[in-house]
Amino acid sequence: MPYAASQSRYTDMQYKRAGNSGIKLPAISLGLWQNFGGNQPLENSRAMILKAFDLGINHFDLANNYGPPAGSAEETFGAVYKKDLIPYRDELLISTKAGYYMWEGPYGEWGSRKNLLSSLDRSLTRMGLEYVDIFYSHRPDPETPMEETMGALDHAVRQGKALYVGLSNYSAEQTLEAVTILKKLGTPCLIHQPNYSMLNRWIEDGLQDVLTEHGVGSIAYCPLGRGQLTNKYVDKIEAESKLTSSTMKPEAITAQRVQKFRSLEAFAAGRGQTLSQLALSWALREGGVTSALIGVSRVSQIEENVKALEGAPLTKQEITEIDAIMHQIGDIPW
């Protein structure tokens with residue numbers, strides 16, 4: 001049966017302007033970093049992509065190396081696009097990135113003009129697209145001049161292969177340099193994609209000021225702390241803390257850390273939210289990011305995360321209470 005997008009897809013989703021641009025991002029975007037590779041059933045990936053779009057998530061974020069294997073997430077998205085989403089291309093905001101390792105030899109990674117433009121061509125082929133809406137430099141290159149990397153992004157726009165450009169994993173100082181170069185080239189930076197959550201607030205130490213001053217939007221990846229800001233994780237660390245031998249790091253399952261996560265879980269419940277919904281509300285609070293990029297493995301997670309937007313905005317008092325709970329909690333992977 002041919003796919004037809006929900007007619008109510010734009011009813012409840014919130015859209016926020018990215019910096020000073022004409023682009024509005026959905027408050028929640030879908031990332032295809034994991035669980036959309038060639039090692040996953042295509043129909044499951046298709047169901048998640050289409051459910052997201054039906055709920056008003058029209059931004060799909062990829063990178064050349066997403067999978068596994070590398071490149072296969074773009075192939076998966078391309079298959080779904082060809083089968084279901086071609087009629088909706090003008091409604092979609094599709095992004096990809098280049099910078100991490102993709103192929104052998106000196107031009108298979110980092111930020112040279114050679115790598116970025118070759119990678120973009122490969123990404124477009126895998127997805128079956130004429131252009132992407134956003135093309136990112138995925139990470140700063142310590143050896144290639146910033147002018148060359150930013151010049152490649154500018155060239156991608158002038159070629160018509162990207163509409164906008166972005167940065168990911170750049171520090172405040174690197175972002176300022178990159179944004180200044182791009183502005184001079186006539187291709188302003190649309191957006192920055194940092195790792196940001198209650199557990200990882202590094203962007204508040206300078207980067208957010210740079211983005212605000214220069215009218216650049218922001219979209220957080222790992223807003224759920226790689227799964228730590230979920231009810232499932234709280235149950236996991238409490239259960240592990242009671243074992244005589246655990247596969248988790250000892251510092252991840254201390255009594256104090258379990259208590260803090262339980263307090264945060266109770267705080268979320270008091271607002272009528274799950275822990276993950278609270279984490280998204282926090283990331284999207286006033287002074288937070290333009291959009292939160294979720295990673296999922298099943299349709300129900302998309303539905304749960306979108307419901308975060310039904311919650312009342314966090315008050316200053318609530319934010320203060322969350323800060324107190326999170327003090328010295330630590331960002332410790334699974």
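A.B. asks: Would you mind going over the packing of aromatic side chains with me for this structure?
C.D. replies: Across all of its chains, the model carries nine aromatic pairs by this definition. When the ring of phenylalanine 60 is compared with that of phenylalanine 77, the centres are 5.5 Å apart and the planes differ by 45 degrees; the resulting orientation is tilted. Of this pair, phenylalanine 60 sits in strand β4 (residues 59-61) while phenylalanine 77 sits in helix α2 (residues 72-85); the two residues are 17 residues apart in sequence, bridging distant segments of the chain. With respect to burial, phenylalanine 60 and phenylalanine 77 carry one shared label: buried. Between phenylalanine 77 and tyrosine 81, the aromatic rings sit 6.5 Å apart at their centres with planes inclined by 15 degrees, giving stacked as the arrangement. You can see phenylalanine 77 and its partner tyrosine 81 sitting in helix α2, four residues apart, about one turn around the helix. Aromatic rings pair up to connect Tyr3, Phe53 and Tyr88 into one cluster. Here lysine 97 stacks its cationic end above the ring of tyrosine 136, 5.4 Å away from the centre of that ring. Cation over ring: arginine 285 sits above tryptophan 282, and NZ or CZ is 3.9 Å from the ring centre.

A.B. asks: What is the right way to look at the pattern of salt bridges in this model?
C.D. replies: Opposite charge on two side chains lets them pair, provided their charged atoms get close. Counted by the stated rule, this structure contains 19 salt bridges. Between arginine 46 and glutamate 43 there is a salt bridge; the shortest N-O distance is 3.4 Å. Here arginine 46 pairs with glutamate 43, and both are found in helix α1 (residues 42-54), just three residues apart, close to one helical turn. The class of arginine 46 is buried, set by a relative accessible area of 15%. Shared partners join several salt bridges into a network, and the residues in it are Arg201, Glu204, Arg285 and Asp323.

A.B. asks: Help me out: how do you make sense of the layout of surface pockets in this one?
C.D. replies: To find leftover empty space, a probe the size of one water molecule is rolled over the atoms. Here the largest pocket is characterised by a volume of approximately 1,000 Å³. Along its surface, the largest pocket is lined by 36 residues, and Gln34, Arg226, Gly227, Gly295 and Val296 are the ones closest to its centre. Counting residues per element, the ones that place at least two in the lining of the largest pocket are α7 (231-241), β10 (291-294) and α10 (299-306). Top contributing element to the lining of the largest pocket by residue count: α10, with three residues. Of the volumes computed, that of the second largest pocket is approximately 330 Å³. Around the second largest pocket, the lining comprises 17 residues; the ones closest to its centre are Leu284, Arg285, Glu286, Pro313 and Leu314. A per-class count over the lining of the second largest pocket returns nine nonpolar, four polar and four charged.

A.B. asks: Any chance you could explain the sheet that holds β10 here in plain terms?
C.D. replies: Within a sheet, adjacent strands bond to each other through the backbone by hydrogen bonds, running parallel or antiparallel. Overall, parallel pairing links the eight strands, which are arranged β3-β4-β5-β6-β7-β8-β9-β10 in a closed barrel. Adjacent strand axes in the sheet meet at a mean angle of 30 degrees when their direction is disregarded. One ladder, built from three bridges, connects β4 with strand β5 (residues 93-98); its direction is parallel. Within the sheet, the bridge partner assigned to phenylalanine 60 lies in β5 and is isoleucine 94. In this fold helix α5 (residues 172-185) packs onto β7 (162-168) and β8 (189-193), with an angle of close to 160 degrees to the strand it touches most, β7.

Basis of the calculations
- Residue positions are counted from 1 within each chain, in the order its sequence is given.
- Totals for whole chains, interfaces and linings use every residue, but because this is a predicted model, local features are given only for residues with pLDDT of at least 70 and side-chain atom pairs only at 80 or more, for both listing and counting.
- In computing side-chain properties, one takes all heavy atoms of the structure into account and sets aside hydrogens as well as water.
- To pair, rings of Phe, Tyr and Trp, with the six-membered ring standing in for Trp, must have centres within 6.5 Å; the planes then decide the type, stacked if under 30 degrees apart, edge-to-face if over 60, and tilted in the middle.
- The helix and strand labels rest on DSSP assignments: H or I over at least four residues marks a helix, E over at least two residues marks a strand, and numbering proceeds from the N terminus.
- Buried means the residue's accessible area, taken with a 1.4 Å probe over protein chains only, is under 20% of the maximum for its type, while exposed means over 50%, and partly exposed covers the values in between.
- Only when the NZ atom of a Lys or the CZ atom of an Arg is both within 6 Å of the ring centre and within 35 degrees of the ring normal do we say a charge sits over the ring.
- Here a salt bridge means any side-chain nitrogen of Lys or Arg lying within 4 Å of a carboxyl oxygen belonging to Asp or Glu.
- The method works on a 1 Å grid over the protein atoms by themselves. A cavity is a set of points holding a 1.4 Å probe that cannot get out, a pocket is an open set with protein on both sides within 12 Å along at least five of seven lines, and residues with an atom within 4 Å of a point line them.
- Grid points are joined across faces, edges and corners, and a volume is the space filled by probe spheres set on the points.
- Gly falls in the polar group here, along with every residue not listed as nonpolar (Ala, Val, Leu, Ile, Met, Phe, Trp, Tyr, Cys, Pro) or charged (Asp, Glu, Lys, Arg).
- Following DSSP output, two strands are said to pair if at least two bridges run between them.
- The axes are straight lines fitted to the C-alpha atoms, using for helices just the contacting stretch, and the angles between their N-to-C directions are given from 0 to 180°.
- Every residue pair with non-hydrogen atoms within 4.5 Å of one another is taken to be in contact.

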